[in-house]
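Reading the structure
Listed below, chain by chain, are the residues.
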Amino acid sequence: MPMTKTKTLGITLYILFVLTPIYWLLNMSFKTNEEITGDLSFWPKEFTFDNYMVIFTDPSWYMGYFNSMTYVALNVVITLMVALPAAYAFSRYKFLGDKQMFFWLLTNRMAPPAVFLLPFFQLYSSVGLFDTHIAVALAHCLFNVPLAVWILEGFMSGVPKEIDETAYIDGYSFPRFFVRIFLPMIRSGIGVSAFFAFMFSWVELLLARTLTSVEAKPIAAIMTRTIGATGVDWGVLAAAGVLTILPGLLVIWFVRNHVAKGFALGRV
Amino acid sequence: MAEIQLRSLAHSYSKEPKGREDYAIRRMNHIWEQGGAYALLGPSGCGKSTLLNIISGLLSPSEGEVLFDGVKVNDIDTRDRNIAQVFQFPVVYDSMSVFDNLAFPLRNQNVSEIKVRKKVNEVAEILELEDLLKRKARNLTADEKQKVSMGRGLVRDDVSAILFDEPLTVIDPHLKWKLRRKLKQIHEQFNITMVYVTHDQLEASTFADKIAVMYEGQVVQFGTPRELFEKPAHTFVGYFIGSPGMNLIDVQRSERGVCFDGFELPLNEDLAKQLSSLESDNIKVGIRPEFICMQEQPVEGALPCDINHIEDLGTHKVLTLQLGNQVLKAIVGEDYEPDGLPLYACFPEQWLKLYVDEYLVEVQGSEQ
Amino acid sequence: MNKTQNNKAWLLVLPVFLLVAFSAIIPLMTVVNYSVQDIFDQNSAYFVGAEWYREVLLDPRLHDSLLRQFGFSGAVLLIEIPLGILVALMMPTRGVMASLSLILLAIPLLIPWNVVGTIWQIFGRADIGLFGWALNNLGVDYNYAANPTDAWFTVLLMDVWHWTSLVALLCYSGLRAIPEAFYQAARIDRASKWAIFRFIQLPRLKSVLIIGVLLRFMDSFMIYTEPFVLTGGGPGNSTTFLSQTLTQMAIGQFDLGPAAAFSLVYFLIVLLVSWLFFTTITHLDNRK
């Protein structure tokens, strides 16, 4: 059918639009700085891993990746741990102030991070958490937890209440029911919540940079170092950029089968 | 409006069908004549819905041809086949009002708004939906939704055919009967070919002039309700039609006809000849419970039997008979009272059917 | 679902409450506190009441950046929502190609925002970037670092590149949730492709589109990192959006009071507009 052809052409063009800038970054990361600043070329003439070697051999570079991974992982774990029981409460019970609470949680997703930069810095300094991984993880919870509660609540509401009741009649205790029966039923929801938590924590820079200086500095902030006295070290910058894309690719690979169901946030 | 012909049609859902069991529809030929009211009857999973979807073009068959008025339509999209189809579970466009739902098929053909209003009101009246026209379709009950679904099939009076896929499953019993009458009326009024899929023989026989019985992907008999009852062309038809179904007894060849458990059933000469020309050993005889007559005397051809059980259904009684190792059902009048004496069952010759390889063996050229 | 009244459920919500309250309420209080005081250093501050609010609400610099911000967010929504729907409609529905296109489309969403800025900073340069180089070779005088219009469009293009995928993936999952029976019924009813889109697909995308519009509005309204890396807000103020104006004020000039007052106004605007979007979209459909 001609319609299918038009569609294939359209989606191919759009994906090309998405991939071209990334290809350009990848292309550059394998070039020497001389080649980059010289004539434009579509693929590296002198293929080199030097830019990557700079990153892999310098602890101040690769520790940046380690720092980012650490706080992102911490954030995902904390987010899920606190959001799961809360989402269950919202999906199953009425309680004093439940609607107001839910709305208030969501408003935090709408707070411009720029608004909170300075108070955050002061708060975390005053409790002695400045420049730690946990500080960034906690700060990112501000916008990740509300989103996770929202997504999970949608999925949990899709599970009939009779399931809970049957389990109690069968003699399950609440924790055992929750872990053994309930959680497996909302796998897609958990996968997608984790995906969103990873995504917004991994890509965020403003808060992460403000709350760290040396020990927990994220890779994205270290990248600004490439602008030195002699100008920009384009090759290393590009290589560092490419390396920040890889963890995301890995995560999307794992959740690819849940995306169709999960992105609808269980609410369609 | 059209005559629908299926020519050596077969369909398999798997890409590389290996054996018979991979086929949902097994090679078959069939003709639905223009203007008929037909039922397609069969148990669930026999391929009824698949066949409907092939006719409407939602599925394209793996083999064979579909012809409308002699023109091959295999490559014509559903949209252009101009067919209406009502599904088993209601599909309503839930963002639209009931009126817009009913008007949708007409507006898609750019029918003028005046005519749209006229047709929609007409159909709404038939289906008793007038009071709901302004309501959003999503707020309707299941049977109201199904009426809207049916309405969308009925607003177009220029269609080649209307196909119903068990449309009354979700509808209340008392409304079922009413809607079936409506459909029949619409059929008489507009003379549209209608094919009605169901697994309920009563529904089939009240709606249709002719019934196609489907079994394991094939139409095994196509006939009037009476033909299906009196002369089942396949053991499945015998078993499926009637309540209880036909008694079927495995038999062997014998000198004068066929025998089982030491009883012999003589066959007339023509039938015996017919049988001797066939090689298969899969031979059965069938007789409807209605046609077994009970005798108290050992008359010619009657076989001695015992009564295991009597069910009194109010209008008639169903006897469960033990005849050698066979258990048979027989239907007798309400006032039948067995008096404990030896009993004999008699199989009148014209109602005793012979099946070889599950298909009816008939004497060629004879009319019954 | 009918829920049971149970105030003990609070125990389950408590961890979330404490965690979010720690990161939200204390900093918010700090901001409120700043917004009504004049601060010279850590030990001397004077209560000034609504002074700062009056000042920021009359500040032409802020008016400008607010206008730019609405213009930008408007353009973002006008392009990304329809384009996202279109991309979702074009995506393969099953098989390897579906997974593949899904993964490829999701890539921009998972790139750190400053790297997004870096990618486009490189890509748009006439000397080392393919995009800038190609445009200049085609005879277009393009330079995002010098020309305000070019800069604005580059930031917009970058945002479209970065975020259209989110709308597309949301719509894709919405489309997958439509039962096949609806498409079958529509074909039987002889609906055109357009009618199928207008009367079957679009209504069923409503809930994901609400999420998409809200997320895109909020995030584009709060955009900071990407234009900061790409253009630093320039040339001139052409790509200085609200967040950046705010950070300049608070950290660059240490005008804590006005910055705080403005922060709260900013927060309220996001809340208000999000609420307006949400109520109009949900009520639009239930009117009949």
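Residues numbered from 1 in each chain as written. Chains lettered and ligands numbered in written order. Predicted model: local features only at pLDDT ≥ 70, side-chain atom pairs only at ≥ 80, totals over all residues. Heavy atoms only, no water.

**Quick look at the overall build of chain C**
The helix and strand inventory of chain C stands at 13 helices and three strands. With respect to the principal axes defined by its C-alpha atoms, chain C has extents near 75 × 70 × 35 Å. Across the 288 residues of chain C, 54% fall into the buried class. Taking as baseline every contact in chain C between residues at least 6 positions apart, the subset at least 24 positions apart corresponds to 68%. (Helix = DSSP H or I, 4+ residues; strand = E, 2+ residues; numbered from the N terminus. Buried < 20%, exposed > 50% of the residue type's maximum accessible area, 1.4 Å probe, protein only. Contact = heavy atoms within 4.5 Å.)

**Description of the nonpolar core**
By size, the foremost hydrophobic cluster in this structure holds 199 residues, and its most contacted members are A:V149, A:M156, A:I186 and C:I111. Ranked by residue count, the leading element in this core is helix α7 (residues 133–157) of chain A, at 17 residues. Beyond its immediate chain neighbours, meaning those up to four positions away, A:M156 contacts A:L84, A:A87, A:Y88, A:S91, A:R92, A:F178, A:F182 and A:I186. Counting 48 residues, the second largest nonpolar core, distinct from the first, contains B:V120, B:I192, B:V213 and B:L228. (Core = buried A, V, L, I, M, F, W, Y, C linked by side-chain atoms within 4.5 Å.)

**Considerations on the packing of aromatic side chains**
Tallied over the entire structure, the rule returns 58 aromatic pairs over all chains. For the ring pair B:F291 and B:W351, a centre distance of 4.0 Å and an interplane angle of 15° mean the geometry is stacked. Pair noted here: B:F291 is in the loop between β14 (283–287) and β15 (293–295) and B:W351 is in the loop between β19 (343–346) and β20 (353–356), with a separation of 60 residues, a long-range link. Ring centres of C:F217 and C:F221 lie 5.0 Å apart, and the angle between their planes is 35°; on these two criteria the pair is classed as tilted. Of this pair, C:F217 and C:F221 both sit in helix α10 (residues 206–221), four residues apart, which is roughly one turn of the helix. With respect to class, C:F217 is no different from C:F221; both count as buried. Ring pairing ties together the aromatic residues A:Y88, A:Y93, A:Y168, A:F174, A:F177, A:F178 and A:F182, which thus form one cluster. Across from the ring centre of C:F182, 4.4 Å away, lies the NZ or CZ of C:R204, which sits over that ring. (Phe/Tyr/Trp six-rings, centres within 6.5 Å; stacked < 30°, edge-to-face > 60°. Lys NZ or Arg CZ within 6 Å of the ring centre and 35° of its normal.)

**Concerning the interface of chain A and chain C**
Taken together, the contact between chain A and chain C spans 96 residues of the former and 95 residues of the latter. With both chains or domains summed, chain A and chain C bury close to 8600 Å², and 80% of this area falls on carbon and sulfur atoms. At the junction of chain A and chain C, the tally comes to nine residue pairs in polar contact (both at pLDDT 80 or more). Counting residues per element, the side of chain A that touches chain C draws most heavily on helix α1 (residues 2–29) of chain A, at 15 residues. Of the residues belonging to the side of chain A that touches chain C, the class tally is 75 nonpolar, 12 polar and nine charged. Pairing geometry for strand β1 (residues 93–94) of chain A and strand β1 (residues 4–5) of chain C, over two bridges, is parallel. Residue pairing for β1(C): A:Y93 is matched across the bridge by C:T4. (Buried area = accessible area lost by both parts, 1.4 Å probe. Polar contact = N/O pair within 3.5 Å; in protein donor to acceptor, adjacent residues only side chain to side chain. Nonpolar A, V, L, I, M, F, W, Y, C, P; charged D, E, K, R; others polar. Pairing = 2+ DSSP bridges.)

**So, the interface of chain B and chain C**
Every contact between the two is made by 26 residues of chain B and, on the other side, 20 residues of chain C. Interface of chain B and chain C: buried area, both sides summed, is about 2100 Å²; carbon and sulfur atoms make up 52% of it. Along the contact surface separating chain B from chain C lie three salt bridges. Note that C:R187 and B:D77 form a salt bridge whose closest N and O atoms lie 3.8 Å from each other. In this structure, the connection of chain B to chain C is made through 13 residue pairs in polar contact (both at pLDDT 80 or more). Mapped by element, the contributors of at least two residues to the side of chain B that touches chain C are α2 (78–81), β6 (83–86) and α3 (98–107) of chain B. (Salt bridge = Lys/Arg side-chain N within 4 Å of Asp/Glu carboxyl O.)

**A word on the sheet that holds β6(B)**
Each strand in a sheet pairs with its neighbour through backbone hydrogen bonds, running either in the same direction (parallel) or in the opposite one (antiparallel). Residue and element names in this part refer to chain B. One open sheet accounts for six strands, arranged β6-β7-β8-β3-β9-β10; its pairing is mixed. The strands lining the two open edges of the sheet, one partner per strand, are β6 and β10 (218–223). Between one strand axis and the next, the sheet turns by 20° as a mean value, whatever way the strands run. Where strand β7 (residues 161–165) meets strand β8 (residues 193–198), five bridges bridge the pair, whose relative direction is parallel. The residue of β8 that forms the bridge with F164 is Y196. Against the sheet, helix α1 (residues 48–56) contacts β3 (37–41), β6, β7, β8 and β9 (210–215), and its axis sits at roughly 155° relative to β7. Together, β3, β7 and β8 form the strand contacts of helix α6 (residues 173–190), whose direction differs from that of β8 by roughly 155°. (Axes fitted to C-alpha atoms, helices over the stretch in contact; angles between N-to-C directions.)

**Description of the packing of helix α4 (residues 59–92) of chain A against helix α1 (residues 10–35) of chain C**
One can describe the packing of α4(A) onto α1(C) by two numbers: an axis separation of 7 Å at closest approach and a directional angle of 130°. Our classification of the angle between α4(A) and α1(C) gives oblique. Crossing of α4(A) over α1(C) shows left-handed handedness. Residue-level inspection shows A:I78, A:V82, A:A83, A:P85, A:A86, A:Y88, A:A89 and A:F90 of α4(A) in contact with α1(C), the latter providing C:L12, C:V13, C:P15, C:V16 and C:L19. Partitioned by chemical class, the residues of the contact of α4(A) with α1(C) number 13 nonpolar, no polar and no charged. (Parallel < 35°, antiparallel > 145°, perpendicular 65-115°, else oblique. Left-handed = near helix turned anticlockwise from the far one by under 90°.)

**Quick look at a nonpolar patch on the surface**
Together, A:Y23, A:L26, A:F42 and A:W43 give the surface a local cluster of nonpolar side chains, amounting to about 430 Å² of exposed area. Structurally, the position occupied by A:L26 is in helix α1. (Patch = residues over 30% accessible without salt bridge, like charges linked within 9 Å, V, L, I, M, F, W, Y side chains within 5 Å. Areas by Shrake-Rupley, 256 points an atom, 1.4 Å probe, with all protein chains shown as cover.)

**Digging into a positive patch on the surface**
Together, A:K7, C:R94, C:R176 and C:K193 give the surface a local cluster of positive charge. Along the chain, the position of C:K193 falls in helix α9 (residues 193–204). Judged by its relative accessible area of 45%, C:K193 falls in the partly exposed class. (Lys, Arg positive; Asp, Glu negative; His and termini not counted. Charge placed at Lys NZ, Arg CZ, Asp CG, Glu CD.)

**Focus: the domain arrangement of chain C**
Residue and element names in this part refer to chain C. Annotation of chain C at the domain level lists domain 1 (13–47) and domain 2 (51–287). Contacts between domain 1 and domain 2 engage nine residues on the former and nine residues on the latter. Here domain 1 packs against domain 2, burying approximately 700 Å² in sum over the two surfaces, 77% of which is carbon and sulfur. Ranking the residues of domain 1 by area buried against domain 2 places V31, Y34 and S35 at the top, with a combined share of 53%. Counting every contact that joins domain 1 to domain 2 gives zero salt bridges. Across the contact surface, domain 1 and domain 2 share one residue pair in polar contact (both at pLDDT 80 or more). (Domains from an automatic or database assignment.)

**Describing the pairing of β3(B)**
Residue and element names in this part refer to chain B. For β3, the buried fraction is high: five of the five residues fall into the buried class. Here β3 shows a buried face lined by A37, A39 and L41 and a second buried face lined by Y38 and L40. As defined by bridge partners, β3 adjoins β8 across five bridges and the pair is classed as parallel. Residue Y38 lies in a different strand from β8, and its bridge partner there is V195. One ladder, built from four bridges, connects β3 with β9; its direction is parallel.

**As for helix α10 (residues 187–203) of chain A**
When the terminal C-alpha atoms of α10(A) are compared, their 24 Å separation across 17 residues agrees well with the 24 Å that a helix rising 1.5 Å per residue should span. Among the 17 residues in α10(A), 15 count as buried, and that is most of the element. (Expected span 1.5 Å × (residues − 1).)

**Concerning the packing of helix α8 (residues 180–188) of chain C against α9(C)**
Residue and element names in this part refer to chain C. Relative to each other, α8 and α9 sit at 165°, their axes nearing to 11 Å. Relative to α9, the element α8 is oriented roughly antiparallel. α8 and α9 meet at a crossing whose hand is right-handed. In this structure, α8 uses F182, Y183 and A186 to contact α9, whose residues at the interface are I196, I200, Q201 and R204.

**Here we look at the arrangement of the chains**
By number of contacts, the leading pair among the two pairs of chains in contact is chains A and C. With respect to C-alpha atoms, chain A approaches chain B no nearer than 11 Å, and the pair has no contact.

**Re the pattern of salt bridges**
By the definition in use, this model includes 25 salt bridges over all chains. The closest approach of N and O atoms between B:D77 and B:R79, which form a salt bridge, is 3.3 Å. Salt bridges here are not isolated pairs; linked through shared partners, they connect B:D77, B:R79 and C:R187.

**Here's the deal with helix α8 (residues 161–169) of chain A**
For α8(A), every residue scored as buried is listed here: A:K161, A:D164 and A:A167. Along the axis of α8(A), the buried residues cluster in a sector spanning 125°; they form a single face. Counted as exposed and oriented over 90 degrees from the buried face of α8(A): A:E162 and A:I169. Among the structural elements, α4 and α9 (174–185) of chain A together with β1 of chain C are those in contact with the buried residues of α8(A). (Arc of directions from axis to C-beta.)

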